[in-house]
Amino acid sequence: MKMQSIRETSTQSIPVPLSFCILLFPDGRIERQVDQPVAEYFTAVKEASVVWIDCSIRDDEKEIEKLALLAGFTKIPIPKLTHGFYSAYEDYDTELGIMLPSVTVKGEKMTVHPLFVLIRDNLVLTIHSVEINRLLRFSRYAQQFFKRIATENTSDKITLTLERIIDENNDRNFEYLREIEMHGDAISKSLIEESIAKKKVAHDIYRMKHVLIDYLNVLWATKDVVDSLRYGDADLITNDEKLLGRIGILSDNIDRHIELSEQMSNVLASGLEVMQSIYNNQLQSLNNRFALVTAYLTVLGTAFLVPNTIATIAGSGVMEGSMARQWWYVPLLAGSTLVATLVSFLWVVHVWKKRDED
(Lines give C-alpha, C1' and ligand atoms only; values in the text may rest on other atoms or scores of the structure.)
Protein backbone atom coordinates (compact mmCIF):
# COMPACT_ATOMS: atom_id res chain seq x y z
CA MET A 1 0.00 0.00 0.00
CA LYS A 2 2.87 2.33 0.80
CA MET A 3 4.56 1.66 -2.55
CA GLN A 4 1.26 2.22 -4.34
CA SER A 5 0.74 5.57 -2.60
CA ILE A 6 4.29 6.64 -3.56
CA ARG A 7 3.58 5.79 -7.20
CA GLU A 8 0.29 7.69 -7.15
CA THR A 9 2.01 10.72 -5.59
CA SER A 10 4.79 10.66 -8.18
CA THR A 11 2.24 10.35 -10.99
CA GLN A 12 0.20 13.25 -9.69
CA SER A 13 3.35 15.38 -9.32
CA ILE A 14 4.01 15.12 -13.07
CA PRO A 15 0.93 16.69 -14.70
CA VAL A 16 0.27 15.96 -18.35
CA PRO A 17 0.49 19.22 -20.31
CA LEU A 18 -2.69 20.30 -22.10
CA SER A 19 -0.61 22.15 -24.70
CA PHE A 20 2.99 22.67 -25.70
CA CYS A 21 4.97 24.38 -28.44
CA ILE A 22 8.33 23.47 -29.98
CA LEU A 23 10.03 26.26 -31.93
CA LEU A 24 13.07 25.87 -34.18
CA PHE A 25 14.63 29.24 -35.04
CA PRO A 26 16.80 29.93 -38.13
CA ASP A 27 19.93 30.28 -35.93
CA GLY A 28 19.45 26.70 -34.67
CA ARG A 29 18.04 27.72 -31.30
CA ILE A 30 15.20 25.50 -30.02
CA GLU A 31 12.62 26.60 -27.49
CA ARG A 32 9.94 24.53 -25.73
CA GLN A 33 6.91 26.17 -24.13
CA VAL A 34 4.34 24.27 -22.05
CA ASP A 35 0.80 25.14 -20.95
CA GLN A 36 0.88 28.72 -22.16
CA PRO A 37 -2.12 30.55 -23.64
CA VAL A 38 -2.51 29.17 -27.16
CA ALA A 39 -2.54 32.67 -28.67
CA GLU A 40 0.99 33.24 -27.37
CA TYR A 41 2.27 30.22 -29.28
CA PHE A 42 1.22 31.73 -32.61
CA THR A 43 2.99 35.03 -32.00
CA ALA A 44 6.40 33.42 -32.59
CA VAL A 45 5.46 31.50 -35.72
CA LYS A 46 6.78 34.15 -38.14
CA GLU A 47 10.14 34.35 -36.36
CA ALA A 48 10.73 30.58 -36.26
CA SER A 49 11.89 28.23 -38.99
CA VAL A 50 9.49 25.44 -37.96
CA VAL A 51 6.86 25.42 -35.22
CA TRP A 52 5.03 22.44 -33.78
CA ILE A 53 2.06 23.23 -31.54
CA ASP A 54 0.03 20.54 -29.76
CA CYS A 55 -3.35 21.22 -28.09
CA SER A 56 -5.69 18.99 -26.09
CA ILE A 57 -9.44 19.58 -26.34
CA ARG A 58 -12.72 17.98 -25.23
CA ASP A 59 -13.69 16.59 -28.66
CA ASP A 60 -15.57 19.79 -29.39
CA GLU A 61 -15.83 20.59 -33.11
CA LYS A 62 -16.34 24.29 -32.45
CA GLU A 63 -13.14 24.37 -30.40
CA ILE A 64 -11.24 22.83 -33.33
CA GLU A 65 -12.58 25.50 -35.68
CA LYS A 66 -11.63 28.20 -33.20
CA LEU A 67 -8.06 26.91 -32.92
CA ALA A 68 -7.76 26.54 -36.71
CA LEU A 69 -8.88 30.13 -37.30
CA LEU A 70 -6.58 31.36 -34.53
CA ALA A 71 -3.67 29.57 -36.25
CA GLY A 72 -4.53 31.19 -39.59
CA PHE A 73 -6.12 28.19 -41.37
CA THR A 74 -8.81 29.63 -43.63
CA LYS A 75 -9.06 27.20 -46.54
CA ILE A 76 -9.54 23.82 -44.81
CA PRO A 77 -13.23 23.02 -44.16
CA ILE A 78 -13.08 21.78 -40.59
CA PRO A 79 -16.58 20.15 -40.62
CA LYS A 80 -15.56 18.09 -43.65
CA LEU A 81 -12.32 17.13 -41.94
CA THR A 82 -13.99 16.08 -38.69
CA HIS A 83 -16.73 13.97 -40.26
CA GLY A 84 -14.51 11.52 -42.10
CA PHE A 85 -14.76 7.79 -41.45
CA TYR A 86 -11.91 7.44 -38.93
CA SER A 87 -9.57 9.43 -41.22
CA ALA A 88 -9.55 12.34 -43.65
CA TYR A 89 -7.12 14.02 -46.03
CA GLU A 90 -7.78 17.56 -47.27
CA ASP A 91 -5.16 19.26 -49.45
CA TYR A 92 -5.68 22.91 -50.40
CA ASP A 93 -2.22 23.69 -51.82
CA THR A 94 -1.02 26.11 -49.14
CA GLU A 95 -2.87 24.28 -46.36
CA LEU A 96 -3.04 20.58 -45.55
CA GLY A 97 -5.48 18.97 -43.10
CA ILE A 98 -5.25 15.38 -41.88
CA MET A 99 -7.34 13.36 -39.45
CA LEU A 100 -5.84 10.14 -38.05
CA PRO A 101 -7.55 7.59 -35.78
CA SER A 102 -6.14 7.04 -32.30
CA VAL A 103 -7.26 3.86 -30.60
CA THR A 104 -7.80 3.08 -26.93
CA VAL A 105 -8.89 -0.41 -25.83
CA LYS A 106 -10.25 -1.18 -22.36
CA GLY A 107 -11.26 -4.80 -21.95
CA GLU A 108 -13.60 -5.62 -24.79
CA LYS A 109 -14.41 -1.99 -25.63
CA MET A 110 -12.49 -0.03 -28.23
CA THR A 111 -12.75 3.75 -28.55
CA VAL A 112 -11.43 5.75 -31.51
CA HIS A 113 -10.39 9.36 -30.96
CA PRO A 114 -9.43 11.67 -33.85
CA LEU A 115 -5.97 13.18 -34.11
CA PHE A 116 -5.95 16.29 -36.31
CA VAL A 117 -2.81 17.54 -38.03
CA LEU A 118 -3.04 20.96 -39.71
CA ILE A 119 -0.08 22.21 -41.77
CA ARG A 120 0.63 25.54 -43.44
CA ASP A 121 3.87 27.34 -44.27
CA ASN A 122 6.21 26.47 -41.35
CA LEU A 123 3.52 25.49 -38.84
CA VAL A 124 2.43 22.00 -37.75
CA LEU A 125 -0.61 22.08 -35.46
CA THR A 126 -1.83 18.87 -33.78
CA ILE A 127 -5.19 18.77 -32.01
CA HIS A 128 -6.51 15.77 -30.09
CA SER A 129 -8.72 14.73 -27.20
CA VAL A 130 -7.53 14.94 -23.60
CA GLU A 131 -8.20 11.18 -23.44
CA ILE A 132 -5.06 10.43 -25.48
CA ASN A 133 -1.47 11.55 -24.99
CA ARG A 134 0.21 9.91 -27.95
CA LEU A 135 2.65 12.70 -28.75
CA LEU A 136 3.83 13.41 -25.21
CA ARG A 137 6.81 11.03 -25.50
CA PHE A 138 7.83 12.54 -28.83
CA SER A 139 7.56 16.05 -27.39
CA ARG A 140 10.12 15.20 -24.71
CA TYR A 141 12.67 14.34 -27.40
CA ALA A 142 11.49 16.91 -29.94
CA GLN A 143 14.38 19.26 -29.19
CA GLN A 144 16.96 16.60 -30.15
CA PHE A 145 14.85 15.70 -33.18
CA PHE A 146 14.69 19.32 -34.36
CA LYS A 147 18.47 19.66 -33.94
CA ARG A 148 18.96 16.83 -36.45
CA ILE A 149 16.69 18.44 -39.04
CA ALA A 150 17.80 22.05 -38.50
CA THR A 151 19.81 22.12 -41.76
CA GLU A 152 16.97 20.80 -43.94
CA ASN A 153 14.71 23.06 -46.01
CA THR A 154 11.22 23.90 -44.78
CA SER A 155 9.30 21.25 -46.75
CA ASP A 156 11.72 18.54 -45.59
CA LYS A 157 11.37 19.67 -41.97
CA ILE A 158 7.59 19.61 -42.25
CA THR A 159 7.66 16.15 -43.87
CA LEU A 160 10.02 14.67 -41.26
CA THR A 161 7.95 16.14 -38.41
CA LEU A 162 4.72 14.82 -39.91
CA GLU A 163 6.29 11.39 -40.52
CA ARG A 164 7.39 11.20 -36.88
CA ILE A 165 3.94 12.24 -35.60
CA ILE A 166 2.23 9.57 -37.72
CA ASP A 167 4.79 6.99 -36.60
CA GLU A 168 4.19 7.78 -32.92
CA ASN A 169 0.43 7.50 -33.38
CA ASN A 170 0.80 4.21 -35.27
CA ASP A 171 3.07 2.71 -32.61
CA ARG A 172 0.50 3.37 -29.91
CA ASN A 173 -2.26 1.92 -32.08
CA PHE A 174 -0.17 -1.19 -32.76
CA GLU A 175 0.27 -1.77 -29.01
CA TYR A 176 -3.43 -2.51 -28.64
CA LEU A 177 -3.19 -5.41 -31.08
CA ARG A 178 -1.21 -7.28 -28.42
CA GLU A 179 -3.95 -6.53 -25.91
CA ILE A 180 -6.57 -7.87 -28.33
CA GLU A 181 -4.46 -11.01 -28.80
CA MET A 182 -4.25 -11.48 -25.03
CA HIS A 183 -8.05 -11.32 -24.74
CA GLY A 184 -8.36 -13.73 -27.68
CA ASP A 185 -5.99 -16.17 -25.97
CA ALA A 186 -8.03 -15.97 -22.75
CA ILE A 187 -11.20 -16.76 -24.72
CA SER A 188 -9.47 -19.71 -26.43
CA LYS A 189 -8.47 -21.03 -23.02
CA SER A 190 -12.07 -20.86 -21.82
CA LEU A 191 -13.10 -23.20 -24.66
CA ILE A 192 -11.44 -26.14 -22.89
CA GLU A 193 -12.87 -25.33 -19.46
CA GLU A 194 -16.07 -27.28 -18.91
CA SER A 195 -17.18 -25.12 -15.97
CA ILE A 196 -17.66 -22.04 -18.21
CA ALA A 197 -20.94 -21.74 -20.08
CA LYS A 198 -20.25 -22.11 -23.79
CA LYS A 199 -22.99 -19.60 -24.60
CA LYS A 200 -21.04 -16.92 -22.74
CA VAL A 201 -17.85 -17.90 -24.57
CA ALA A 202 -19.65 -17.55 -27.91
CA HIS A 203 -20.76 -14.00 -26.99
CA ASP A 204 -17.20 -13.14 -25.89
CA ILE A 205 -15.81 -14.40 -29.22
CA TYR A 206 -18.35 -12.31 -31.14
CA ARG A 207 -17.51 -9.16 -29.16
CA MET A 208 -13.78 -9.66 -29.67
CA LYS A 209 -14.30 -10.25 -33.37
CA HIS A 210 -16.34 -7.03 -33.55
CA VAL A 211 -13.50 -5.13 -31.81
CA LEU A 212 -11.01 -6.64 -34.25
CA ILE A 213 -13.10 -5.55 -37.24
CA ASP A 214 -13.16 -1.98 -35.90
CA TYR A 215 -9.40 -2.19 -35.35
CA LEU A 216 -8.92 -3.30 -38.96
CA ASN A 217 -11.02 -0.32 -40.09
CA VAL A 218 -8.66 1.93 -38.12
CA LEU A 219 -5.61 0.40 -39.82
CA TRP A 220 -7.13 0.74 -43.29
CA ALA A 221 -8.12 4.36 -42.57
CA THR A 222 -4.57 5.17 -41.44
CA LYS A 223 -3.15 3.47 -44.52
CA ASP A 224 -5.35 5.64 -46.78
CA VAL A 225 -3.82 8.80 -45.30
CA VAL A 226 -0.25 7.47 -45.42
CA ASP A 227 -0.66 6.38 -49.04
CA SER A 228 -1.94 9.84 -49.91
CA LEU A 229 1.26 11.31 -48.46
CA ARG A 230 3.82 8.80 -49.74
CA TYR A 231 3.75 10.07 -53.33
CA GLY A 232 4.47 13.70 -52.35
CA ASP A 233 1.59 15.18 -54.32
CA ALA A 234 0.84 17.85 -51.70
CA ASP A 235 2.73 21.11 -52.21
CA LEU A 236 3.64 21.27 -48.51
CA ILE A 237 5.25 17.81 -48.63
CA THR A 238 8.79 17.25 -49.88
CA ASN A 239 9.62 15.68 -53.24
CA ASP A 240 12.74 14.01 -51.88
CA GLU A 241 12.52 10.31 -52.76
CA LYS A 242 14.49 9.29 -49.66
CA LEU A 243 12.14 11.08 -47.29
CA LEU A 244 9.07 9.82 -49.13
CA GLY A 245 10.54 6.33 -48.76
CA ARG A 246 10.29 6.73 -44.99
CA ILE A 247 6.56 7.35 -45.37
CA GLY A 248 6.45 4.22 -47.53
CA ILE A 249 7.95 2.29 -44.62
CA LEU A 250 5.03 3.46 -42.46
CA SER A 251 2.65 2.03 -45.05
CA ASP A 252 4.51 -1.30 -45.06
CA ASN A 253 4.30 -1.50 -41.26
CA ILE A 254 0.55 -0.94 -41.43
CA ASP A 255 0.26 -3.71 -44.05
CA ARG A 256 2.02 -6.16 -41.73
CA HIS A 257 -0.29 -5.33 -38.84
CA ILE A 258 -3.30 -5.68 -41.13
CA GLU A 259 -2.10 -9.21 -41.97
CA LEU A 260 -1.66 -10.00 -38.26
CA SER A 261 -5.14 -8.67 -37.50
CA GLU A 262 -6.69 -10.73 -40.30
CA GLN A 263 -4.95 -13.84 -38.97
CA MET A 264 -6.33 -13.05 -35.53
CA SER A 265 -9.78 -12.68 -37.09
CA ASN A 266 -9.43 -16.12 -38.67
CA VAL A 267 -8.48 -17.58 -35.28
CA LEU A 268 -11.60 -16.09 -33.69
CA ALA A 269 -13.71 -17.33 -36.61
CA SER A 270 -12.33 -20.84 -36.06
CA GLY A 271 -13.31 -20.48 -32.40
CA LEU A 272 -16.90 -19.84 -33.49
CA GLU A 273 -16.71 -22.96 -35.67
CA VAL A 274 -15.51 -24.92 -32.65
CA MET A 275 -18.46 -23.58 -30.66
CA GLN A 276 -20.82 -24.70 -33.44
CA SER A 277 -19.25 -28.16 -33.41
CA ILE A 278 -19.67 -28.34 -29.65
CA TYR A 279 -23.36 -27.40 -29.98
CA ASN A 280 -23.83 -30.00 -32.72
CA ASN A 281 -22.17 -32.68 -30.58
CA GLN A 282 -24.37 -31.77 -27.63
CA LEU A 283 -27.50 -31.99 -29.79
CA GLN A 284 -26.34 -35.32 -31.23
CA SER A 285 -25.65 -36.67 -27.75
CA LEU A 286 -29.10 -35.55 -26.59
CA ASN A 287 -30.67 -37.14 -29.67
CA ASN A 288 -28.86 -40.42 -28.94
CA ARG A 289 -30.18 -40.40 -25.40
CA PHE A 290 -33.74 -39.91 -26.58
CA ALA A 291 -33.27 -42.72 -29.11
CA LEU A 292 -31.99 -45.02 -26.35
CA VAL A 293 -34.95 -44.18 -24.13
CA THR A 294 -37.28 -44.89 -27.06
CA ALA A 295 -35.61 -48.27 -27.58
CA TYR A 296 -36.08 -49.21 -23.91
CA LEU A 297 -39.71 -48.14 -24.03
CA THR A 298 -40.17 -50.22 -27.19
CA VAL A 299 -38.79 -53.32 -25.46
CA LEU A 300 -40.96 -52.77 -22.38
CA GLY A 301 -44.05 -52.01 -24.45
CA THR A 302 -43.63 -55.14 -26.57
CA ALA A 303 -42.94 -57.27 -23.49
CA PHE A 304 -46.27 -56.31 -21.92
CA LEU A 305 -48.29 -56.05 -25.13
CA VAL A 306 -48.22 -59.77 -26.08
CA PRO A 307 -49.31 -61.21 -22.67
CA ASN A 308 -51.83 -58.41 -22.27
CA THR A 309 -53.37 -59.40 -25.62
CA ILE A 310 -53.53 -63.08 -24.56
CA ALA A 311 -55.11 -62.14 -21.23
CA THR A 312 -57.68 -59.97 -22.99
CA ILE A 313 -58.65 -62.82 -25.30
CA ALA A 314 -58.81 -65.27 -22.36
CA GLY A 315 -61.14 -63.00 -20.40
CA SER A 316 -63.38 -62.14 -23.36
CA GLY A 317 -66.89 -63.44 -23.84
CA VAL A 318 -65.77 -65.66 -26.72
CA MET A 319 -63.59 -67.83 -24.50
CA GLU A 320 -65.99 -67.41 -21.54
CA GLY A 321 -63.01 -67.51 -19.15
CA SER A 322 -62.31 -71.21 -19.83
CA MET A 323 -58.78 -70.50 -21.03
CA ALA A 324 -57.91 -68.64 -17.85
CA ARG A 325 -58.82 -71.75 -15.79
CA GLN A 326 -56.31 -74.01 -17.56
CA TRP A 327 -53.14 -75.00 -15.73
CA TRP A 328 -50.97 -73.84 -18.62
CA TYR A 329 -52.46 -70.34 -18.72
CA VAL A 330 -50.01 -68.72 -16.29
CA PRO A 331 -46.94 -70.43 -17.83
CA LEU A 332 -48.22 -69.25 -21.23
CA LEU A 333 -48.35 -65.65 -20.04
CA ALA A 334 -44.87 -65.89 -18.52
CA GLY A 335 -43.42 -67.60 -21.57
CA SER A 336 -44.99 -65.15 -24.01
CA THR A 337 -43.66 -62.25 -21.93
CA LEU A 338 -40.11 -63.64 -22.02
CA VAL A 339 -40.27 -64.45 -25.74
CA ALA A 340 -41.71 -61.03 -26.65
CA THR A 341 -39.09 -59.26 -24.53
CA LEU A 342 -36.22 -61.26 -26.04
CA VAL A 343 -37.42 -60.81 -29.63
CA SER A 344 -37.94 -57.03 -29.24
CA PHE A 345 -34.56 -56.65 -27.50
CA LEU A 346 -32.73 -58.56 -30.25
CA TRP A 347 -34.46 -56.44 -32.90
CA VAL A 348 -33.45 -53.19 -31.19
CA VAL A 349 -29.83 -54.39 -30.90
CA HIS A 350 -29.87 -55.31 -34.61
CA VAL A 351 -31.17 -51.86 -35.58
CA TRP A 352 -28.55 -50.07 -33.46
CA LYS A 353 -25.71 -52.12 -34.95
CA LYS A 354 -26.93 -51.36 -38.45
CA ARG A 355 -27.08 -47.67 -37.60
CA ASP A 356 -23.50 -47.71 -36.29
CA GLU A 357 -22.29 -49.40 -39.46
CA ASP A 358 -24.02 -46.78 -41.62
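Residues numbered from 1 in each chain as written. Predicted model: local features only at pLDDT ≥ 70, side-chain atom pairs only at ≥ 80, totals over all residues. Heavy atoms only, no water.

1. Comments concerning the packing of aromatic side chains
Inference 1: Applying the stated criterion to the full structure yields 5 aromatic pairs.
Inference 2: With 5.8 Å between their ring centres and 50 degrees between their planes, F145 and F146 make a pair best called tilted.
Inference 3: Look at F145 and you get buried, because its relative accessible area is 5%.
Inference 4: The exposure class of F146 is buried, given its relative accessible area of 0%.
Inference 5: The rings of F20, W52, F138, F145 and F146 are connected pair by pair, giving a single aromatic cluster.
Inference 6: Sitting over the face of the ring of F25, R29 holds its NZ or CZ atom 4.0 Å from the ring centroid.
Inference 7: The ring of F20 has R32 sitting right over it, with the charged end atom 5.7 Å from the ring centre. (Phe/Tyr/Trp six-rings, centres within 6.5 Å; stacked < 30°, edge-to-face > 60°. Buried < 20%, exposed > 50% of the residue type's maximum accessible area, 1.4 Å probe, protein only. Lys NZ or Arg CZ within 6 Å of the ring centre and 35° of its normal.)

2. Concerning the confidence of the model for the protein chain
Inference 1: Model confidence for the protein chain is summarised by a mean pLDDT of 78, while 68% of its residues fall at 70 or above.
Inference 2: Per-residue pLDDT, averaged within each element of the protein chain, yields its smallest value for helix α1 (residues 2-12) (35) and its largest for strand β7 (residues 123-129) (93).
Inference 3: A low-confidence stretch, residues 1-14 stays under pLDDT 50, and its non-local contacts, those more than four residues away or across chains, total 0 contacts. (pLDDT = per-residue confidence, 0-100. Helix = DSSP H or I, 4+ residues; strand = E, 2+ residues; numbered from the N terminus. Contact = heavy atoms within 4.5 Å.)

3. A closer look at the pairing of strand β3 (residues 50-57)
Inference 1: Most of β3 is tucked away: 8 of the 8 residues are buried.
Inference 2: Here β3 shows no split at all, with V50, W52, D54 and S56 on one side and V51, I53, C55 and I57 on the other all buried.
Inference 3: Judged from the 6 bridges that link them, strand β1 (residues 19-24) and β3 form a sheet pairing that is antiparallel. Following the sheet pairing, C21 is matched in β3 by I53. (Pairing = 2+ DSSP bridges.)

4. A short note on the nonpolar core
Inference 1: Core analysis: the biggest nonpolar cluster contains 51 residues, and W52, F146 and L229 have the highest contact counts within it.
Inference 2: At the level of secondary structure, the elements contributing two or more residues to this core comprise β1, β3, β5 (95-106), β6 (109-120), α6 (142-148), α7 (154-190), α8 (198-230) and α9 (241-314).
Inference 3: The element contributing the most residues to this core is α8, with 10 residues.
Inference 4: Non-local contacts of W52, meaning those with residues more than four positions away in its chain, are made with F20, C21, I22, V124, T126, L135, F138, S139, A142, F146 and I165.
Inference 5: Ranked by size, the runner-up nonpolar core spans 28 residues in total, among them Y41, A71, A88 and I127. (Core = buried A, V, L, I, M, F, W, Y, C linked by side-chain atoms within 4.5 Å.)

5. Overview of the layout of surface pockets
Inference 1: Computed from the structure, the largest pocket encloses a volume of approximately 230 Å³.
Inference 2: T104, V105, K106, K109, T111, H113, E131, I132, N133, R134, R172 and Y176 are the residues that line the largest pocket.
Inference 3: Elements with a minimum of two residues in the lining of the largest pocket: β5, β6 and α7.
Inference 4: Each residue belonging to the lining of the largest pocket can be placed in one class, and the counts come to 3 nonpolar, 4 polar and 5 charged.
Inference 5: When its volume is computed, the second largest pocket comes out at roughly 190 Å³.
Inference 6: Lining of the second largest pocket is provided by F145, R148, I149, E152, L160, E163, R164, D240, K242, L243 and R246.
Inference 7: Those elements giving two or more residues to the lining of the second largest pocket turn out to be α6, α7 and α9.
Inference 8: Across the lining of the second largest pocket, the residue classes tally to 4 nonpolar, no polar and 7 charged. (1 Å grid on protein atoms, 1.4 Å probe; cavity = no way out; pocket = protein on both sides within 12 Å on 5 of 7 lines; lining within 4 Å. Points joined across faces, edges and corners; volume = space filled by probe spheres on them. Nonpolar A, V, L, I, M, F, W, Y, C, P; charged D, E, K, R; others polar.)

6. Details of helix α3 (residues 61-70)
Inference 1: Turning to α3, its buried residues are I64, L67 and A68. Taken down its axis, α3 places every buried residue within 100 degrees of arc, on the same side. Along α3, exposed side chains directed more than 90 degrees from the buried face belong to K62, K66 and L69.
Inference 2: The elements touched by buried residues of α3 are α2 (38-43), β3, α4 (78-82), β6 and β7.
Inference 3: Looking one or two places after α3, you find G72, whose phi comes out positive at around 90 degrees. (Arc of directions from axis to C-beta.)

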